[in-house]
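Each chain, written out:
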Amino acid sequence: MHRLPVYRVVGLAWLHVIRHKLDLLKLGLPWFLIPAAMAAASRFLADGLEPWYGRIEAGIAYLAGLILARAWIRHVLLDERRAGPAPLNGGAVRYLVWNFVLILLAALPAAPAIAYALFGTVPTYVGLAKIAALLIALPFVARLALVFAPAAIEAPGSKLQAGWEAGAGSWWRLLAAFVLTAVSGYVVTLLLVIPIGTMIMAVDPGAALADHPSLRIVGHLLTLLFIALTSGLIAWSWRALTQGDAALPTR
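Each value, and the rule that gives it
Residues numbered from 1 in each chain as written. Predicted model: local features only at pLDDT ≥ 70, side-chain atom pairs only at ≥ 80, totals over all residues. Heavy atoms only, no water. 1 Å grid on protein atoms, 1.4 Å probe; cavity = no way out; pocket = protein on both sides within 12 Å on 5 of 7 lines; lining within 4 Å. Points joined across faces, edges and corners; volume = space filled by probe spheres on them. Helix = DSSP H or I, 4+ residues; strand = E, 2+ residues; numbered from the N terminus. Nonpolar A, V, L, I, M, F, W, Y, C, P; charged D, E, K, R; others polar. Phe/Tyr/Trp six-rings, centres within 6.5 Å; stacked < 30°, edge-to-face > 60°. Buried < 20%, exposed > 50% of the residue type's maximum accessible area, 1.4 Å probe, protein only. Lys NZ or Arg CZ within 6 Å of the ring centre and 35° of its normal. Core = buried A, V, L, I, M, F, W, Y, C linked by side-chain atoms within 4.5 Å. Contact = heavy atoms within 4.5 Å. Salt bridge = Lys/Arg side-chain N within 4 Å of Asp/Glu carboxyl O. pLDDT = per-residue confidence, 0-100. Axes fitted to C-alpha atoms, helices over the stretch in contact; angles between N-to-C directions. Left-handed = near helix turned anticlockwise from the far one by under 90°.

Participant: Teacher, can you tell me more about the layout of surface pockets here?
Facilitator: Over the atoms rolls a probe the size of a water molecule, and its path tells where empty space is left. Estimated volume of the largest pocket: approximately 550 Å³. What lines the largest pocket is a set of 21 residues, among which Asn99, Ala145, Phe148, Thr230 and Ile234 lie closest to the centre. Counting only elements with at least two residues in the lining of the largest pocket, the list comes to helix H4 (52-77), helix H5 (90-107), helix H7 (123-145), helix H10 (171-203) and helix H11 (213-243). For the lining of the largest pocket, the residue count by class is 17 nonpolar, four polar and no charged.

The following block contains the structure:
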């Protein structure tokens, strides 16, 4: 069993985005322009349609993220290049199904805690149940995330078994890699969002920033970055754990 080089795979996830940023835009931007356009038009179209308008926008963004994630994993592992957006084909549909299956599998061990968090009546215990559910699910989330790699490249055999076995003994390193990626991405987000929020407040002091269309548009575009980082991290982690450090690029 190979050991996961945490800092190296996080660095490779960032480097792949930086070096192939035009490919990323070609694959993901056409998809994310749909929810971004909905956000831009929300002031004119959403009146009387909320909360459904926002939910549809978020749902389209979610599906766009999954379609991009599959294409980006294939970009890393198969060196697959496309002239247009990430395809919505049979492989993408199967990847979407895997997403929901893995969510259910990750939640299953924490089902009692999740049930109390949803239906409990004592606020203190509800809060404790939420914490317990998170702690129970985290190791399973980290290991099951690797299943996305064989699912994306449509590897032969059992995708679930391959992904689960690849992460044996490395779930905490995988979790650390995801945390480092999220923190670094969050820093970049703050560097972009704070100036934009400041400009919005200068122009419109009474604006509600949390649901401002401009920040929603920026949020959708930043989601594209986060999807590429996390799916790239999954791809590089898969390669490192199944083939060893020697299979990773040196620079």
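Participant: Teacher, can you tell me more about the packing of aromatic side chains here?
Facilitator: Following the criterion strictly, the structure yields two aromatic pairs and no others. Ring geometry for tyrosine 95 and phenylalanine 148: centres 5.3 Å apart, planes at 45°, overall tilted. In this pair, tyrosine 95 sits in helix H5 while phenylalanine 148 sits in helix H8 (residues 148-153), placing the two residues 53 residues apart along the sequence. For the pair tyrosine 95 and phenylalanine 148, one class covers both residues: buried. Ring centres 6.0 Å apart and planes at 20° place the aromatic pair phenylalanine 140 and tryptophan 164 in the stacked group. Here phenylalanine 140, found in helix H7, pairs with tryptophan 164, found in helix H9 (residues 159-166); they are 24 residues apart in sequence, far enough to count as distant. Overall, tryptophan 164 belongs to the partly exposed group, its relative accessible area being 31%. The side chain of arginine 143 reaches across the aromatic face of tryptophan 164, ending 3.8 Å from its centre.

Participant: Sorry if this is basic, but what is going on with the nonpolar core here?
Facilitator: General note: in soluble globular proteins, nonpolar side chains tend to be found buried as a group. The biggest cluster of nonpolar side chains holds 51 residues, and the ones touching the most others in it are Val9, Val17, Leu24, Leu68, Ile73, Leu77 and Tyr95. Only helix H1 (6-19), helix H2 (21-40), H4, H5, H7, H8, H10 and H11 provide two or more residues apiece to this core. Of all the elements, H11 adds the most residues to this core, at twelve residues. Once you skip the residues sitting within four places of it in the chain, leucine 68 turns out to touch Leu24, Leu27, Gly28, Phe32, Ala86, Leu224 and Ile227.

Participant: Just to check I follow, could you spell out unusual backbone geometry for this structure?
Facilitator: Apart from glycine, the bulk of residues carry a negative phi angle, and the bulk of peptide bonds sit in the trans form. With a phi close to 55°, aspartate 79 is a non-glycine residue in the positive phi region. Residue position: aspartate 79 is located in the loop between H4 and H5. By relative accessible area, which is 52% here, aspartate 79 ends up exposed.

Participant: So what exactly am I meant to see when it comes to the pattern of salt bridges here?
Facilitator: Side chains carrying opposite charge are able to pair once their charged atoms draw close together. Tallied over the full model, the rule gives seven salt bridges. A salt bridge links aspartate 23 to lysine 26; the nearest nitrogen and oxygen atoms lie 3.6 Å apart. A residue pair is termed a helical-turn pair when its members lie 3 or 4 positions apart in one helix, as aspartate 23 and lysine 26 do in helix H2 at three residues. According to the relative accessible area criterion, lysine 26 is partly exposed, its value standing at 36%. With a shortest N-O distance of 2.6 Å, glutamate 154 and arginine 94 are connected by a salt bridge.

Participant: So what exactly am I meant to see when it comes to the confidence of the model for the chain here?
Facilitator: A low pLDDT means the predicted coordinates there should not be read in detail. Looking at the chain, pLDDT values average 86 and 91% of them are 70 or higher. Across the chain, the element-wise mean pLDDT spans from 71 in helix H3 (residues 42-45) up to 95 in H8.

Participant: Which parts of the structure should I look at to understand the environment of alanine 132?
Facilitator: Position of alanine 132 among the secondary structure elements: in helix H7. Since its relative accessible area comes to 28%, alanine 132 is described here as partly exposed. Along the backbone, alanine 132 and isoleucine 114 are 18 residues apart, and their C-alpha atoms lie at a distance of 8.5 Å.

Participant: I'm lost on the packing of helix H6 (residues 111-119) against H7 in this one. Help?
Facilitator: If you want to describe how two helices pack, look at the angle between their axes and the distance between the axes. Relative to each other, H6 and H7 sit at 145°, their axes nearing to 8 Å. Note on packing geometry: the crossing formed by H6 with H7 is left-handed. Facing Ala113, Ile114, Tyr116 and Ala117 of H6, the residues of H7 in contact are Tyr125, Val126, Ala129, Lys130, Ala132 and Ala133. Residue classes in the contact of H6 with H7 are distributed as nine nonpolar, no polar and one charged.

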